[in-house]
Each structure stands twice: as C-alpha cells, then as structure tokens.
Amino acid sequence: MKQRRILAPLVIAFLLAILTTSVAPWENKKQEQPIAGFTLQSSRQERSLEARLASIPQPLMCRSYLRYLTAEPHMAGTERNYQLALYVRDKFKEFGLDEVSLVEYQVLLSYPREIVVEMVAPKPYRATLREHNYFSDQRSDDSQVSIGFNAYSSSGELTAPLVYANGGNPEDYDQLLQMGIDIKGKVALVRYSMPYSYRGFKALTAQKRGAAALLIYSDPMEDGYIKGKVYPYGPWGPESHLQRGGIPFDFIAPGDPLTPGWASLKDARRLKPEESEILPKIISVPLSYKDARPLLENLAGPEAPEAWQGGLPLTYHTGPGATKVHLKVEMDSQVRSIWNVIGKIKGSLLPEEMVIVGNHRDAWVYGAVDPSSGTASLLEVARALGKLRQEGVRLRRSIILANWDAEEFTLTGSTEWGEEMVAELKKGGVAYLNVDSACSGSNFGANAVPSLEHLLPAITEEVIDPHTGKTIYQVWKERVEKEEGKSLVNTRLGSGSDYTVFLNFVGMPIIDMGFAGPYGVYHSRYDDFYWMSRFGDPDFRYMPTLSAIWGIAALRLANAEVLPFDYTSYGEEITGYIKQLSEEAEKSGNKVEFKPLQERVERFILTARRLNLKIEEILASGDPPPREKADLINRCMMKVERDFTHPDGIPGRPWFKHLIYAPRFTYAAEVLPGITEALREGDETHAQGQIELLAQALQQATHTLEGALEQLP
C-alpha cells in the first residue's frame, strides 16, 4: 500500500511532464538554407518564427480539448454541435484572433425516425442496429447515440429476397448476372470495403441495377478481429460496431442537396427534394457484422466466389433462396441550421490574400478521431497564432481558421461557405490546408496539388517525431520506401473531405494531411476518448505535432515574399497523366489526337522552369522584387490553379470545374476527368473537345506564368 502511495505521485508527475512538453522543430543545418519563397535573411526570420510557433502546442491542451469535444454525441444540426460551435468561437476569441464569426446556413439534413431490419424467412431475426455498451459509465450509456442509419436514405417499407453482392460495385452485380442472379427487386447485402468504394456510389449502383434496398455491413476481414484485437482491447471494430454515414451522390455536386452551386442562406432559392440530382431513391441501412451474420448464415444459393469470402466463420453464399428480409425506414429530412466558425489573423501587408486552415467539427457520434482530433489540433494552431499575434508578430497575408459543420452529411459547411465566398476566394485565396482527422496513429501522410508537393517534406525535415527522435520526414520516407510504387505525397486528388470546394469549385491549391494508424471504429460510437487515449494517440503528442506542421505550413504561405508554387512539378505530373491516358486510348482503339495537348504542356513546363530559376536567382541575391512587382508576380502565381478550371465544369457534373482533377463516383481520383470519362464512354468527338478545352487552359496558364516573368529583370 505504501509503495502505491509513493508511486502514484511519481506517475502523475511523469504524465504531466509528458503532457506539458511542447513540440519543437529540429534545429539543424537547414538554418542556413533559404526557404522556398524567401531570401536567406527572411528565411532566418521565418525559421525563428516557426520555432516559436512549434514550441506552443502542448499535449495537455489537446487532451483537454478532445475530452470536451467528445463528451457527447454531436451530429450536425443538433444542440450539442451548436454548443461546440460556441465553444470553438469562444476559444478563438480567447486566443486573440483579430476577427471571429459564427456563420449560419440552412441545409437539408437527414435523421432517422424509425428503422427496422428483420429477417422473416427462413427464421425470424431482428437486427439491433445498436452498438454494445462495454462500460457502465454514464457517457458510454448515452441515450443520444443514434441507431445505425444512412443519411439521405429514402423512406419506405418492403419485404424482399436477400442477395449477397460482395462490395456492391458494378463488377459485382455483373458477376452475379453471370451466375444467373439478378439483383432487381431484391435486397442487396454488401460489404463496406471490398474493395473500398464510397457508400453513396454503392447506393447509386444498387439503385441503377433495380435493387429494392441496400444493406451495407462492416466485415471483420476489413476492420474487425481478423485485423487484430478489437475494442475495448485493441483498435479494431468489435462485432456490433456500425459505420454510419451519408449516401448522397455528392460526386455529382457536394453541399446542400437543395442549393447546388449557390450558398444555402436563409432566403436562398431551394430545389424541391425530388428535383435534386444527389438524393438517393433507394432505402439503405448500415449493419454491424453481428447483425449481418444471421443473414449470411441463412443465405442459400451458389457458394460465393473465393474472393468474396469474408472474415466470419461461415461459407458465404450469394442467395437468393428462402431468405427474405423486411425493411421499414422512415427518415426525418428537414432544412436545419448548421454553423461554421471562422476566425482570422489579419495580414498587415496583403490582408485580402488568404491562407485557409480548416477542419470540420460535426461527428456521427463522439468522433474522437474523426473529426475531433483535427479540431483539437486546429485549436492549438489558433492558440499558437494568437500568442504570436499578442507578441507583436505581423503576417504578410491573412490566415483564416475555419471549423466547418455538416461535413459528414455532404461536405456541407465548407461547400456552402466556398460557394458564398467564391468571388473573394478567386481574388485572394492562396491555398487551403485541410485536416480531417489529425490522428489515429503515428504514420504521417499527405495529399497535395503538385505545385505544393514539396512544402510538407521541407517542413517535416524540421519537426521531430515524438516517439522515434527522428524527424517526421525521416520516419515518413522510410515507411513509404517500403511500399512499392507509392509516392511520398499523393498528388492524385479525389474527394471525401472539405478541400473539395476549394480545389474543384474555386480553383485553389490544397494540402490535406494527418497521422494515421490501425483504426477499425470509423463512424461508430467506439470512436471515442477511450479509444484515442488507449490506441490512437495515448500520450497526446501527435495532435500537437500536427499543429506544428499545420501552423508552419500556414506561416510559410502567409509570409512568403514570392509564393512557393512549383509549376514545373505540376506540368510534369500532367505530362504523366496525358501519357497514361493516350496509351490507354490507343489500347482501347479510341482515335483521338493528344499532340496539341502534349505541345501545350511542354511549353507550360519550359515557362515554369524559367520562372522558377529566375525567382531562385533573385531571392538568392538577397534582393527580392519591389513590393509592386512582387504583388503582381504573386497574383499570377495564385491565378494558375484558377486557369485549370472551366466555368461550365466537366460534362454531366458542372459543379466540378477543375479540368485536371475530379473524384470518381467512388471518391477515388479521376485525372483529366473530362477526357477520361468521354473515352470511357467511347465518345471520340466529345473526348477531342475536352482535349481542346484542356489545351486552352494550359495555354492560359502559360500566359499567366509569362506575366509573372515579365515582372522580373
């Protein structure tokens, strides 16, 4: 007993020492190397500023934020999520940001009123649609935890035969047809990740194939006990975990389903729900593998292909047969209020130019990883920037800190704000830096447009990994080198997070980043503070580490004398996309002419290379361009990404205006989407027209770079 009394204070002191230790950049030889976009002298000043910023975020602060953010479920549109909006707003004010506002939109949100899933033959079984409570404390018994549901599911009631359709992708239904099984009029039971595709795409595919309804379950092969220990003993999903989520077709147009392309302000024009292109007409419900197992055990019909066999201890069959299910779904879909929180550190020289740092706040339940770890990191970025502000630091450009609402429904809060602010963003938007989930482990990863591909490797060379003592860059690079064919920064950009409106609608460069690890409780009640404190970030050191990286990235873009966009890399990336697409077109027998496009991208690269060399030469001389010329150069640098957009958008999806990037319906990246989709349809005339549009965009982007060159001696 005495020994325990002696050890307890020691343990507490040790934990406090860890939690109050800040994350600092690595002081290394790079101190005497210029930062891209800075002279050597200004690089020294910038690194000193970055070191100060990185010394501020602390584990104890992140732990405190996360504890509060995850205390109760906080779906978009609920009272708790509104209270958290006020909490973030008040923190921004407390930290000394120059401007803080709560921005309200009225959007269509979809909640469950009643959901019944039951097997009626060959034997009765009623799905619980609930997750098991592993603890007796009040929070884990919270009655506010919703049943499993898919937002924007259609309402209805039916009884129909059941068919197992693997991942619910088009090729799965094709294979069923080859086996003599037609999904039309039947309920499709599909897995979330076989292979991965967005649940909204599964809903659209089932709807197109004539399925009566869709059940989506989490198989233990993907995120359960086959992977390792399950909650509460490990990071993977237990048998009753449910993956909630929306199923809108937001690969057609994200944001409020009733105001596509314009902001959902109070008096905005709204479509009728039946006029929306993105609202499903099919019933869909998520299941745990506990609830899916009785259905699979009772399915007859042919044995499913070997690749379709999952992790449950049974032989998977496709059906149909005697197995029938009864579904009743009544959704409560109404226009409800959501709230973004927008904070601003005002730039002293170019206040209208904005670097935007963003993360969403709403969660399906507690959301410790997704998104509250990101919100905790965002709050530490805000605190660090506010402290610098109080110490007299003035930035060249403004930094906007945004805490979005309703991302989980259809990227809603960020999309509505982007649509409302599109003119200001096109004029002064420098870049958008996104963090959805800051931390579910210790593996750093990033997505970025090619012009910013270099930024995070450079920053992470100066930030220490909390556990290894190496730099984040070293650990990151060593891991990626073991993964054959994988690049350090992914530059093939799809969708699924809040950067979408900034890249695809506005035409702004983006970065998306975070730390990842084994994570099998996605969108379930088990993504909670307990999970994070045991498995995700037990000593709460990766959240503040991400705050340091995120904050430094914002500082570099806000303070750069010449914006450090590398359009040579961008051009080379586009060249690779063209080469791949032309080879695929040739193999498929499509006769389209890529030569004009290849010539335009070559000229773009040559111009970008000349500009890079000129800028490096001038900055290395220690004599940056005069203010007026630097401003013109930077306006040109910002405009290039806008040049890659077209006001009409890509065919069939006019909301998506970027000609280089768009999401596939699965959320995966589609490069050169207008050309790619036309070739997929075998429409050579249409494909040639899209090639010409992209060639014109490249010509305009080259002209923009030439405008920057004209400002240099």
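Colleague: Could you give me a rundown of the overall build of the protein, with the residues and numbers involved?
Modeller: A count of helices and strands for the protein gives 22 helices and 17 strands. For 713 residues, the compact-globule estimate of 2.2 N^0.38 gives 27 Å, and the protein sits close to it at 26 Å. Across its three principal axes, the protein shows a C-alpha extent of roughly 85 × 80 × 55 Å. Buried positions account for 61% of the 713 residues belonging to the protein. Considering only residue pairs separated by 6 or more positions, the protein has 82% of its internal contacts joining residues 24 or more positions apart. Summed over all atoms, the accessible surface of the protein reaches about 26900 Å², with 51% contributed by carbon and sulfur.

Colleague: I'd like a rundown of the packing of aromatic side chains, residues and numbers included.
Modeller: All told, the structure shown has 40 aromatic pairs when counted by the stated rule. Between Phe444 and Trp476 the ring centres are 4.8 Å apart and the planes differ by 85 degrees, which places this aromatic pair in the edge-to-face class. Of this pair, Phe444 sits in strand 13 (residues 443–448) while Trp476 sits in helix 14 (residues 472–481), and the two are 32 residues apart along the sequence. Trp476 matches Phe444 in its accessibility class, with the two residues each being buried. Three or more aromatic residues link up through ring pairs in this structure, and these residues are Tyr134, Phe135, Tyr231, Tyr519, Tyr522, Tyr526, Tyr530, Trp531 and Phe535. The positively charged end of Arg80 is found above the aromatic ring belonging to Tyr68, 4.8 Å away from the centroid. A cation over an aromatic ring shows up here: Arg653 above the ring of Phe656, its NZ or CZ 5.5 Å from the ring centre.

Colleague: How would you sum up the domain arrangement of the protein? Please name residues and give values.
Modeller: Domain boundaries assigned for the protein yield domain 1 (48–107 + 335–559), domain 2 (113–334) and domain 3 (567–711). For domain 2 versus domain 3, the separation of C-alpha centres amounts to 39 Å. Taken residue by residue, the interface counts eleven residues in domain 2 and seven residues in domain 3. Both faces combined, the contact of domain 2 with domain 3 buries some 920 Å², and carbon together with sulfur accounts for 70% of it. In terms of surface lost to domain 3, no three residues of domain 2 exceed Phe251, Ile252 and Pro254, which account for 49% of the buried area on that side. In this structure, the connection of domain 2 to domain 3 is made through three residue pairs in polar contact (both at pLDDT 80 or more). Counted by class, the side of domain 2 that touches domain 3 contains eight nonpolar, two polar and one charged residues.

Colleague: So what about the pairing of strand 1 (residues 99–121)? Which residues, and what values?
Modeller: Residues in a regular strand point their side chains to alternate faces of the sheet. Pairing geometry for strand 1 and strand 9 (residues 324–345), over 21 bridges, is antiparallel. Of the residues in strand 9, the one forming a bridge with Leu108 is Val335. As defined by bridge partners, strand 1 adjoins strand 2 (residues 125–126) across two bridges and the pair is classed as antiparallel. Note on strand 2: the bridge partner recorded for Glu118 is Arg126.

Colleague: Give me a nonpolar patch on the surface: which residues, what numbers.
Modeller: A cluster of nonpolar residues, Met221, Tyr225 and Ile226, forms a patch on the protein surface that exposes about 250 Å² of accessible area. Within the secondary structure, Met221 is located in helix 7 (residues 220–223). Look at Met221 and you get partly exposed, because its relative accessible area is 31%.

Colleague: Please set out the environment of Glu72 residue by residue, giving values where relevant.
Modeller: Residue position: Glu72 is located in the loop between helix 3 (59–69) and helix 4 (79–94). Owing to a relative accessible area of 29%, Glu72 belongs among the partly exposed residues under this scheme. In this structure the C-alpha to C-alpha distance between Glu72 and Ile552, which are 480 residues apart in sequence, comes to 32 Å.

Colleague: Would you mind going over the side chain of Thr410 in detail, with residue names and values included?
Modeller: Relative to the helices and strands, Thr410 is located in helix 10 (residues 407–410). With near-sequence residues (within four places) excluded, Thr410 lies in contact with Tyr152, Pro248, Asp250, Pro254, Gly255, Asp256, Pro257, Ile278 and Thr415.

About the criteria used
- Residues numbered from 1 in each chain as written.
- Predicted model: local features only at pLDDT ≥ 70, side-chain atom pairs only at ≥ 80, totals over all residues.
- Heavy atoms only, no water.
- Helix = DSSP H or I, 4+ residues; strand = E, 2+ residues; numbered from the N terminus.
- Rg over C-alpha atoms; globule rule 2.2 N^0.38 Å.
- Buried < 20%, exposed > 50% of the residue type's maximum accessible area, 1.4 Å probe, protein only.
- Contact = heavy atoms within 4.5 Å.
- Areas by Shrake-Rupley, 256 points an atom, 1.4 Å probe, with all protein chains shown as cover.
- Phe/Tyr/Trp six-rings, centres within 6.5 Å; stacked < 30°, edge-to-face > 60°.
- Lys NZ or Arg CZ within 6 Å of the ring centre and 35° of its normal.
- Domains from an automatic or database assignment.
- Buried area = accessible area lost by both parts, 1.4 Å probe.
- Polar contact = N/O pair within 3.5 Å; in protein donor to acceptor, adjacent residues only side chain to side chain.
- Nonpolar A, V, L, I, M, F, W, Y, C, P; charged D, E, K, R; others polar.
- Pairing = 2+ DSSP bridges.
- Patch = residues over 30% accessible without salt bridge, like charges linked within 9 Å, V, L, I, M, F, W, Y side chains within 5 Å.
- Salt bridge = Lys/Arg side-chain N within 4 Å of Asp/Glu carboxyl O.

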